[in-house]
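As a plain string of letters, each chain reads:
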Amino acid sequence: MRTLALALALVLVLALGSDASASALPSAIRSGRSPHCSDANSVPVRPKPTAISSATRWTSKRSHSARARRRYSASYIAMPLAHFTVAKAVVDLPAGATVPPYEFAYSCTSGTAPVASGTFTLVGGASWTSSTVPSGSVCRVWETNAQGATSSNLGEANAATVTVDATNPTVTITNSYDTGSITVAKSVTWDGAPPFPVGAAQFNVSCAFPDSGNVLLGYPQQFYLDDGSSTTLSGLPVGAACTVTETDTRGASTTVIKPSNANAVTGVTATVAVEPDKSGGTRVDVGNRFTTGALQLTKKLSGDATAWAQGPFVLDVHCTHDAMPDLDSRVTLFANQLSTTISSIPTGYLCQVTEAGNGGASASSITPSSVTIPPYVGPPPGPVVVTIDNTFEPGYVKLTKSVDGSAAAHMAGAVYHIRLQCERDIINGGGTQVFLDRDVALGGAKPADYTVSIPDPLPMGARCWTEETDSVGATSVTNPQDVNHKVTIDRAGTFDFGVTNTYDGGGNTDGSI
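Quick caveat, the model's predicted, so the values are computed rather than measured.

A. Geometry of the overall build of the protein chain. If you tally the helices and strands in the protein chain, you get two helices and 38 strands. Excluding contacts between residues fewer than 6 apart, the proportion of contacts in the protein chain whose partners are at least 24 apart in sequence is 69%. Carbon and sulfur atoms make up 51% of the accessible area of the protein chain, which amounts to about 25800 Å² in all.

Given below as structure tokens:
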């Protein structure tokens, strides 16, 4: 501008002649400063020959001529300035949604020359006014961050255009928020037959908009869903990020979450975007898969009295799980059916096996007594095997003959006959079976002949008794284990049976006194 002022001064000097007085110039030109225009919204520009006006007059005197007034004019063209305003309107912002300020950029050109550019932010309902630019400038304004809203002016390619003039125009940029919904649906599948209803599983849904740092009012929400049920959360802003978590799968082996607008996720958590209601919203299918296994109970019989084993063998199975109900089973095995399988036990269950009835065994062991039904991927494995070993050790009878009384000496060498019988109950209402009926001869010349060990093994539970078929003239016979006082074989080992004949007043081997 200083150069422009000096140039104007030179033009005036030349026009006035060599005797022009410098004092006749405006002081602003003499000082080399630009003359100030009276219009605050105007700027001085270089004069054009075709636009000279008499807005400003300067007069000088010639020293050697008559006083004459000559008018010279120098002119400045006033270029007006103006500004524009951007107003922000927001439509259908969801209740409880808090969004950061919307971000904008703008650029202005006068002709082909850029005259202004920059960025600014606005909240809904607010406005921003630019600095002054030359009137007639064309300005473009666009949003760089619509905070998740729908905006027709998002991005420079969609900029709103305004021509700035004395009216100081206003351009309004509107953001609208569409609403959508999310539907969470629950399903349950079993690899085997369902042993029980699973029950409702708990869910947690948290929604944020427009970013994860802005959780929507009223969220997170919790609810429960049974197999085949669903719930819908509506009134959500489209584009909101909702994290769906199944917080209690009720012990499911695997969980797969399948959103309608994203890839399936194996796990209990998935984050999905809310779709508009007009397109059906977002659906999230949560599937719980329960795998099942089996427990095989096998009876093993051992010991010398195995041939007599018949059962029943009563087994109790108690299975527990941290997230599922207890499972209890009672099974009964027999000598002709020594194995059974319990199916449809969900994997992860801990099962304990006990024997409530050992079928008359003298001892039993369970290996292992506690097992876990293992989880698996792919085809189901075979059953977990538990072996119950029942040992049948027999009982035996040793029969002793005693002779007593004042005339006992006369009975030396006598032989006595005792009948030994044993019976057992046949299961399932089969009645009673006498399985041992033996005549035993006792007595003679040697003391050893008065005791006989019966070689027949006797099963647990058998009942045995004796009967003397020939007392050889005894005054009396004492038989503690007669038919009315049967002895039950309730342990392994030997049971001592004895029959005592008493002779009073003499006697002989033929029974006479």
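B. Local environment of the sheet that holds strand S7 (residues 127–129). Strand order across the open sheet formed by four strands is S7-S4-S12-S10, with mixed pairing between neighbours. Since the sheet does not close on itself, it has two edges, and those belong to S7 and strand S10 (150–151), each with one partner. Pairing geometry for strand S4 (residues 85–91) and strand S12 (residues 170–176), over seven bridges, is parallel. For Val91, the partnering residue across the bridge sits in S12 and is Ser176.

C. How the structure looks around the sheet that holds strand S35 (residues 463–470). Read from one edge of the open sheet, four strands run S33-S32-S35-S37, paired in antiparallel fashion. Two strands lie at the open edges of the sheet, namely strand S33 (431–443) and strand S37 (487–488), each paired on one side alone. In this structure, strand S32 (residues 415–426) lies alongside S35, joined through seven bridges in antiparallel fashion. In the sheet register, His417 faces S35, and the bridge partner there is Asp470.

D. Region of the structure containing the nonpolar core. Counting 44 residues, the largest nonpolar core has Phe84, Val86 and Leu236 as the members making the most contacts within it. With near-sequence residues (within four places) excluded, Phe84 lies in contact with Tyr106, Cys108, Trp128, Thr129, Ser130, Cys139, Val141, Val162, Val164 and Pro169. With 30 residues, the next largest nonpolar core counts Phe290, Val371, Ile373 and Phe392 among its residues.

E. Quick peek at the environment of Thr466. Note on placement: Thr466 falls in strand S35. With a relative accessible area of 1%, Thr466 lands in the buried category. It is 8.4 Å that separates the C-alpha atoms of Thr466 and Lys486, two residues lying 20 residues apart in sequence.

F. Region of the structure containing the pattern of salt bridges. Enumeration according to the criterion identifies 15 salt bridges in this entry. Within the structure, one salt-bridge network assembled from shared partners comprises Glu423, Asp425, Arg463 and Lys486.

G. How the structure looks around the side chain of Arg424. Note that Arg424 resides in strand S32. Buried and unpaired, Arg424 has Asp425 as its nearest opposite-charge partner, separated by 8.8 Å. Only 2.7 Å separates the side chain of Arg424 from the backbone oxygen of Trp308, close enough to count as a polar contact.

H. The arrangement of the pairing of strand S22 (residues 282–290) in detail. Judged by which residues are buried, S22 turns out to be one-sided: Thr282, Val284, Val286, Asn288 and Phe290 face inward and are buried, whereas Arg283, Asp285, Gly287 and Arg289, on the alternate face, are not. Two elements, strand S13 (residues 179–190) and S22, share nine bridges in a ladder whose sense is parallel. Its bridge partner being in S22, Lys186 is matched across the sheet by Val286. Note: strand S18 (residues 254–259) against S22, six bridges, orientation antiparallel.

I. Structural detail: the state of the cysteines. The full count for this structure, using the stated rule, is four disulfides. Note that Cys207 is cross-linked by a disulfide to Cys242, the S-S spacing being 2.0 Å. Disulfide Cys207 to Cys242: torsion about the S-S bond roughly 110°, handedness right-handed. With a gap of 35 residues between them, Cys207 in strand S14 (residues 201–208) and Cys242 in strand S17 (residues 241–248) connect regions that are remote in the sequence.

J. Structural context of the environment of Thr85. Tracing the backbone through its elements, the reader meets Thr85 in strand S4. Relative accessible area serves as the criterion here: at 12%, Thr85 is assigned to the buried category. Those residues within four positions of Thr85 in sequence are excluded, and the remaining contacts are Ser127, Trp128, Thr129, Pro169, Thr170 and Val171. In this structure the side chain of Thr85 is engaged in a polar contact, spanning 3.1 Å, whose partner is the side chain of Thr129.

K. Examining the confidence of the model for the protein chain more closely. Per-residue confidence for the protein chain averages 84 on the pLDDT scale, and 83% of its residues sit at or above 70. Overall, residues 1–76 carries pLDDT values under 50, and its contacts beyond four positions in sequence, including any with other chains, amount to 81 contacts.

L. View of the packing of aromatic side chains. Considering all chains together, one arrives at twelve aromatic pairs under this definition. Plain terms: the ring middles of Tyr106 and Phe120 are 6.2 Å apart, the flat faces sit at 50° to each other, and that makes the pair tilted. Of this pair, Tyr106 sits in strand S5 (residues 102–110) while Phe120 sits in strand S6 (residues 113–122); the two residues are 14 residues apart in sequence, bridging distant segments of the chain. Neither Tyr106 nor Phe120 differs from the other in exposure class; each is buried. Summarising the aromatic geometry, the rings of Tyr177 and Phe209 are spaced 5.6 Å apart at their centres and angled 80° between planes, so their arrangement reads as edge-to-face. Residue Tyr177 is located in the loop between S12 and S13, and its partner Phe209 is located in the loop between S14 and strand S15 (221–225); the two are separated by 32 residues in the primary sequence. Phe209 matches Tyr177 in its accessibility class, with the two residues each being buried. Chaining the aromatic ring pairs together yields one cluster made of Phe84, Phe104, Tyr106, Phe120 and Trp128. Between the NZ or CZ atom of Lys88 and the centre of the ring of Tyr102, over which it lies, the distance is 4.5 Å. Over the ring of Phe495 we find Arg491; its NZ or CZ atom is 4.1 Å from the centre of that ring.

About the cut-offs
Residues numbered from 1 in each chain as written. Predicted model: local features only at pLDDT ≥ 70, side-chain atom pairs only at ≥ 80, totals over all residues. Heavy atoms only, no water. Helix = DSSP H or I, 4+ residues; strand = E, 2+ residues; numbered from the N terminus. Contact = heavy atoms within 4.5 Å. Areas by Shrake-Rupley, 256 points an atom, 1.4 Å probe, with all protein chains shown as cover. Pairing = 2+ DSSP bridges. Core = buried A, V, L, I, M, F, W, Y, C linked by side-chain atoms within 4.5 Å. Buried < 20%, exposed > 50% of the residue type's maximum accessible area, 1.4 Å probe, protein only. Salt bridge = Lys/Arg side-chain N within 4 Å of Asp/Glu carboxyl O. Lys, Arg positive; Asp, Glu negative; His and termini not counted. Polar contact = N/O pair within 3.5 Å; in protein donor to acceptor, adjacent residues only side chain to side chain. Disulfide = S-S within 2.5 Å. pLDDT = per-residue confidence, 0-100. Phe/Tyr/Trp six-rings, centres within 6.5 Å; stacked < 30°, edge-to-face > 60°. Lys NZ or Arg CZ within 6 Å of the ring centre and 35° of its normal.

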